[in-house]
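Each chain, written out:
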Amino acid sequence: MSTEYDFSAIEKQWQNYWESNKTFKAEDFSSKPKYYVLDMFPYPSGAGLHVGHPEGYTATDILCRYKRMRGFNVLHPMGWDAFGLPAEQYAVETGTHPSITTDKNIDTFRRQIKSLGFSYDWDREVNTTHQKYYKWTQWIFIQLYNKGLAYIDEVPVNWCPALGTVLANEEVIDGKSERGNHPVIRKPMKQWMLKITEYAERLLLDLEELNWPEGIKEMQRNWIGKSSGAEVDFKIDGKDVSITVYTTRPDTLFGATYMVLSPEHAKVMDITTPAQRAAVEAYREHAARMSDFERTELNTEKTGAFTGAYAVNPVDGRKIPVWISDYVLASYGTGAIMAVPAHDTRDFEFAQKFDIPVICIIEPDAKDAASDGVNTADVLAGKACWTGNGKMINSANDAGLNINGLEVKESKAKTIEWLAARGIGKGTTNYKLRDWLFSRQRYWGEPFPVIHMEDGSIRLVPENELPLTLPEMDDFKPSGSGESPLAKAEKWLEYVDPVTGMKGRRETNTMPQWAGSCWYYLRYIDPDNSDRIFDPAKEKYWMPVDLYVGGAEHAVLHLLYARFWHKVLFDIGVVSTKEPFMRLVNQGMILGMSYKNAHGILVPNNLVEHTPEGPVDTRTREVLEEFPAKMSKSLKNVVNPDDVISEYGSDSMRLYEMFMGPLEAVKPWNTKGVEGVYRFLKRSHRLITESTIEDRAMTPEELRTLHATIKKVSEDTESLGFNTAISQMMVFVNEFSKVATLPLEAAETFVKLLAPYAPHLGEELWECLGHSQTLAYEPWPVFDEKYLAVAEVEILVQVLGKPKARIMMPTGIDEAAMEKMALENADVLKAIEGKTVRKMICVPGRLINLVIG
RNA sequence: GCCUGGGUGGCGGAAUGGCAGACGCAACGGACUUAAAAUCCGUUGACCGCAAGGUCGUGUGGGUUCGACUCCCAUCCCAGGCACCA
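Computed from a predicted structure; not experimentally measured.

What counts and how
Residues numbered from 1 in each chain as written. Chains lettered and ligands numbered in written order. Predicted model: local features only at pLDDT ≥ 70, side-chain atom pairs only at ≥ 80, totals over all residues. Heavy atoms only, no water. Helix = DSSP H or I, 4+ residues; strand = E, 2+ residues; numbered from the N terminus. Contact = heavy atoms within 4.5 Å. Areas by Shrake-Rupley, 256 points an atom, 1.4 Å probe, with all protein chains shown as cover. Lys, Arg positive; Asp, Glu negative; His and termini not counted. Charge placed at Lys NZ, Arg CZ, Asp CG, Glu CD. Near = heavy atom within 4 Å. Polar contact = N/O pair within 3.5 Å; in protein donor to acceptor, adjacent residues only side chain to side chain. Nonpolar A, V, L, I, M, F, W, Y, C, P; charged D, E, K, R; others polar. Domains from an automatic or database assignment. Patch = residues over 30% accessible without salt bridge, like charges linked within 9 Å, V, L, I, M, F, W, Y side chains within 5 Å. Salt bridge = Lys/Arg side-chain N within 4 Å of Asp/Glu carboxyl O. Pairing = 2+ DSSP bridges. Axes fitted to C-alpha atoms, helices over the stretch in contact; angles between N-to-C directions. Buried < 20%, exposed > 50% of the residue type's maximum accessible area, 1.4 Å probe, protein only. Parallel < 35°, antiparallel > 145°, perpendicular 65-115°, else oblique. Left-handed = near helix turned anticlockwise from the far one by under 90°. Core = buried A, V, L, I, M, F, W, Y, C linked by side-chain atoms within 4.5 Å.

Peer 1: Can you break down the overall build of chain A residue by residue, with the values?
Peer 2: The secondary structure content of chain A amounts to 28 helices and 37 strands. Oriented by its inertia axes, the alpha-carbon framework of chain A measures out at about 100 × 90 × 65 Å. Restricting the contact set of chain A to residue pairs at least 6 apart, pairs at least 24 apart contribute 71%. Total accessible area on chain A stands at roughly 37,800 Å², and carbon and sulfur atoms take up 51% of it. Taking the average location of the 96 positive side-chain charges in chain A and that of its 119 negative ones, the two points are 2 Å from each other.

What follows is the structure, encoded as structure tokens:
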């Protein structure tokens, strides 16, 4: 029996054992309850695994191993989100086919992930770039198309000339591409769009039943951005044109003093007077030239042009000027608004700038105004803006509408009713959510199973001819025209109808990276099925995902897109649940330790030396301040899991990542901390391998420690409180290191508790204890409350809330006896000397508080 | 500006309204060793005190309570997200 904790030998041995025995193969169908735990699958980048990846993977792995021991049939798979721009850019630079780069990266990732000893069922591995996978991504697109949810639209898109591709809004940050930081401009192009907006309401509503962090749900709600209000028709004075505006504040109609159309609004030129034509055209051109970013960038200063037209306010017949301005967006609502400067800050700014009257129609609620520091007199005089609550004033007409004196909420309803009765308005709902721009001008993505026929019609590749594979190419440069490199694959592009001989050209766009990740959790269920997307019986058995763990950066997009596709698949009867992921947990980011000098200048870690005085700049000898920062190449604070594993072993790596703090928290990496858990594993190893183990009865103290440990580790593992579970195991080892002989039951129980956390060591110690089978399916220990009970407890006696004495008292003693014992104690008597005891608060088993005076 | 989280020792963190700082790191002292590493034992929130002991202490200011890191109000700071969405 080895006395050294030789982690590299142990880890290698057990990884081989698990692999050759297929220990973690998930059985389809079983009498055990199922449990599906999903990790967000990684994009296999060239940089290899980052310490952030194993954080979530370790957490789910611990839970999976625990659940197996609790008798669950666990599905825990892994795969690769492998389409994407970096491999394509590398191909452009070097001519290496993206599939070669991708496979190489995946091999690295797989090796690294396997070296951490995760209990994945590797037989279910998926790869979004494999034909047998993307065949079904294309199949889903066909279902979307057939359901009328995919359409082509000419839309101004985010065109990045440097990358030669269109980017999604979310891939553009501050007017630059998220990847590479290149400038992005707006360019109209024909694009595939998916009608996610049709599902807005359900995506919003069904959030309610999900066990997700409240913050993530809120982010999705905000992204969907539901608002309710009214559409109101305004006639244009002297023209046979009417314009519909959208407002969430129909109650403020009496305060509308002008109207604004977005510069792109279809009716702008219809209503513009000859005198204003030049100014309006100039403004429209100016607006068109600007990117979305510039529009919002310059949001402090309002701009606009007067059309010369006047609209008639339907509630009181007043004529109000019609302007165009880029603060009104064409894509939201009706692209036109009624402006109420007295009660909307944007309208107020605009009115101030262009000298438009401000009419106050809400008298601010006095209390609200005071707490917001708003002067009511200014609001009433139209000199200040009030967007809060209050009572309506100046809001009545002689056509039966009078909302004076009402609060905002009632007046909205009443106004909508009045408008609807006259057929000039109606209550409506709007969403900020836009349709999903689904094309990319890239090579390395799923090709659309679409042919554009000569006669302008669109034909889909028949389902039995899928997959439509990517053509082999050796030049991956963008075509330059805005089309993807596929536009250069001439042979591949050509299509001739075998029956009619009609010619066609294949779609050159490919799908965005989100496509493959929208449904991978479904393919794990039946990854090798070549006849259908998956066997429905297996889907019914495994779905929904019980726990989904990943980074918060996917809070909105990936999770919203995946929910959307899932709902579509639900509607066409392909899946049996309306939501895919029942419980979601976001692991917090792991930061690297970084250093800055007194001027706040960052010093890369390779120029920092640790001295007794603290971290020092090796060049200037200046003492530096330590602080946690996002890991980055420039700060040289990136930690490579391979290095940690070779020095301390993967069990230590796993344990440290879990011991750092709560899973959801952002935490700084500290390699010294790995040594702490490494020492704990060494002590655990020594405890089992070097103690004299005896099959003997335990003392009450031993039983209490053992059962308290079972209880805490079980409960904390269940609730993902891994850091506190580990500290309890440390307490156990500290306690049992003191005993002369180690009771066999305590040894075996401890090994089982440790195993999900440090699985290699767990198996090794289990073997040392004389077992020949894996402990992966050993029943999880159960604690007995009776061993936790003690005969005597220490009761704290407080006087006025301050601790004065600690007295041992029998458990279960009644309050009167507790008080009596307390009042007999010398320290207590001293503390209350000369005072009267006015009250005694007794908390059985805990404390007594004496109130004196 | 709005929406989420979060502020506890030198550091990571722990605490069903009931002894703040479990567990770990670092530091210091000691044992073992020719020495070092490894290991083991002990000390370690701050301040006052020789000591017994006392005072203060969970971002800040109030409040509720016999009792507040925990609940309420206000406020500051940090991180993430959204941002002219009418």
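Peer 1: Now, about the protein's contact with RNA strand B: what can you tell me, with residues and values included?
Peer 2: By nearness alone, 51 residues border RNA strand B, and Thr 248, Tyr 327, Arg 346, Met 730 and Asn 849 come closest of all. In RNA strand B, atoms within 4 Å of the protein come 62% from sugar and phosphate. The contact in question runs from a sugar or linking oxygen of RNA strand B to an N or O atom on the side chain of Thr 247, over 3.3 Å. At 3.1 Å, a side-chain N or O of Arg 683 approaches a phosphate oxygen of RNA strand B. For the surface near RNA strand B, the elements supplying multiple residues, two or more each, are helix H7 (214-224), strand E11 (242-247), helix H10 (292-297), helix H22 (671-690), helix H24 (722-736), strand E34 (792-799), strand E36 (837-843) and strand E37 (847-852). Class assignment of the residues belonging to the surface near RNA strand B gives a composition of 20 nonpolar, 14 polar and 17 charged.

Peer 1: Outline the domain arrangement of chain A, supporting the account with residue identities and numerical values.
Peer 2: A common way to report how large an interface is uses the accessible area buried once the components associate. Segmenting chain A into domains produces domain 1 (141-195 + 435-506), domain 2 (227-430), domain 3 (592-629) and domain 4 (790-852). For domain 1 and domain 2, the distance between their C-alpha centres works out to 40 Å.

Peer 1: Give me the lowdown on a positive patch on the surface, citing residues and values where you can.
Peer 2: A cluster of basic side chains, namely Lys 672, Arg 679, Lys 682, Arg 683 and Arg 686, defines a positive patch on the protein surface. Structurally, Arg 686 can be placed in helix H22.

Peer 1: Give a description of the sheet that holds strand E23 (residues 503-506) that names residues and reports values.
Peer 2: Here we have four strands laid out as an open sheet, ordered E21-E20-E23-E22, and antiparallel in their pairing. The open sheet has two edge strands, strand E21 (458-460) and strand E22 (494-496), and neither has a second partner. With strand direction ignored, the average angle separating the axes of adjacent strands in the sheet is 35°. By the bridge criterion, three bridges tie strand E20 (residues 450-453) to E23 in an arrangement that is antiparallel. Residue pairing in the sheet places Met 453 in a bridge with Gly 504 of E23.

Peer 1: Summarise the side chain of Asn 127; cite the residues concerned and give the values.
Peer 2: Tracing the sequence through the fold places Asn 127 in strand E4 (residues 126-127). In terms of polar contacts, Asn 127 uses its side chain to reach the side chain of Thr 129, at 2.6 Å. If we ignore the near neighbours within four places in the chain, the residues touching Asn 127 are Trp 80, Ala 82, Ile 106 and Tyr 133.

Peer 1: Outline the pattern of salt bridges, supporting the account with residue identities and numerical values.
Peer 2: Working definition: two side chains of opposite charge can pair if their charged atoms are close together. Overall, the coordinates contain 44 salt bridges when judged by the stated rule. Note that Glu 19 is salt-bridged to Lys 114, the shortest N-O span being 3.2 Å. With a gap of 95 residues between them, Glu 19 in helix H1 (residues 7-21) and Lys 114 in helix H4 (residues 98-114) connect regions that are remote in the sequence. In this structure Lys 114 comes out as partly exposed when scored by relative accessible area, which is 24%. Between Asp 528 and Lys 132 there is a salt bridge whose closest N-O contact spans 3.0 Å. With Asp 528 in the loop between helix H17 (520-523) and helix H18 (536-542) and Lys 132 in helix H5 (residues 131-146), the pair connects residues that are 396 residues apart, well separated along the chain. The exposure class of Asp 528 is exposed, given its relative accessible area of 53%.

Peer 1: Give me the environment of Ile 841: which residues, what numbers.
Peer 2: Position of Ile 841 relative to the elements: it lies in strand E36. For Ile 841, a relative accessible area of 33% corresponds to the partly exposed category. A C-alpha to C-alpha distance of 9.0 Å links Ile 841 and Glu 819, two positions 22 residues apart in sequence. Residues contacting Ile 841, with those up to four places away along its chain left out, are Leu 847, Ile 848, Asn 849 and Val 851.

Peer 1: Break down the packing of H22 against helix H25 (residues 744-754) for me, with residues and values.
Peer 2: Helix-helix packing is described using two parameters, namely the angle between the two axes and the distance between the axes. It is the contact of H22 with H25, at a shortest axis distance of 11 Å, that shows an interaxial angle of 150°. As the angle between them shows, H22 and H25 are arranged roughly antiparallel. Like other packed secondary-structure pairs, H22 and H25 cross with a definite hand, here left-handed. Along its contact with H22, which presents Phe 680, Leu 681, Ser 684 and Ile 688, the element H25 presents Ala 747, Phe 750, Val 751 and Leu 754. Residues of the contact of H22 with H25, tallied by class, amount to seven nonpolar, one polar and no charged.

Peer 1: Describe unusual backbone geometry, listing the residues and the values that go with them.
Peer 2: The omega torsion across Leu 466 and Pro 467 is 0°, close enough to zero to call that bond cis. Mapped onto the fold, Pro 467 is located in the loop between E21 and helix H15 (490-493). Even without glycine at this site, Lys 22 takes up a positive phi of about 45°. Structurally, Lys 22 can be placed in the loop between H1 and strand E1 (34-39). Of note, Phe 29 is a non-glycine position whose phi angle comes to about 70°, a positive value. Mapped onto the fold, Phe 29 is located in the loop between H1 and E1.

Peer 1: Quick one: what's the story with the nonpolar core, residue by residue and with numbers?
Peer 2: Formed by 153 residues in total, the largest nonpolar core has its most connected members in Tyr 36, Trp 436, Phe 438, Tyr 520, Phe 564, Trp 565 and Trp 669. For this core, the element with the most residues is helix H19 (residues 557-571), which contributes nine residues. Setting aside residues up to four positions removed in sequence, Trp 436 forms contacts with Trp 192, Met 193, Leu 194, Ile 196, Pro 512, Trp 514, Cys 518, Tyr 561, Phe 564 and Trp 565. Counting residues in hydrophobic clusters, the runner-up holds 55 residues, among them Met 259, Ile 271, Ala 305 and Ile 362.

Peer 1: Talk me through the sheet that holds strand E6 (residues 165-167); I want residue IDs and the actual numbers.
Peer 2: Here we have four strands laid out as an open sheet, ordered E6-E5-E9-E19, and antiparallel in their pairing. The sheet terminates laterally at E6 and strand E19 (436-437), the two strands that pair on one side only. Bridge count between strand E9 (residues 185-194) and E19: two bridges; the pairing is antiparallel. Within E19, the position partnered with Leu 194 by the bridge is Trp 436. Sitting on the sheet, H5 touches strand E5 (150-160) and E9, and the angle it makes with E9 is about 90°.

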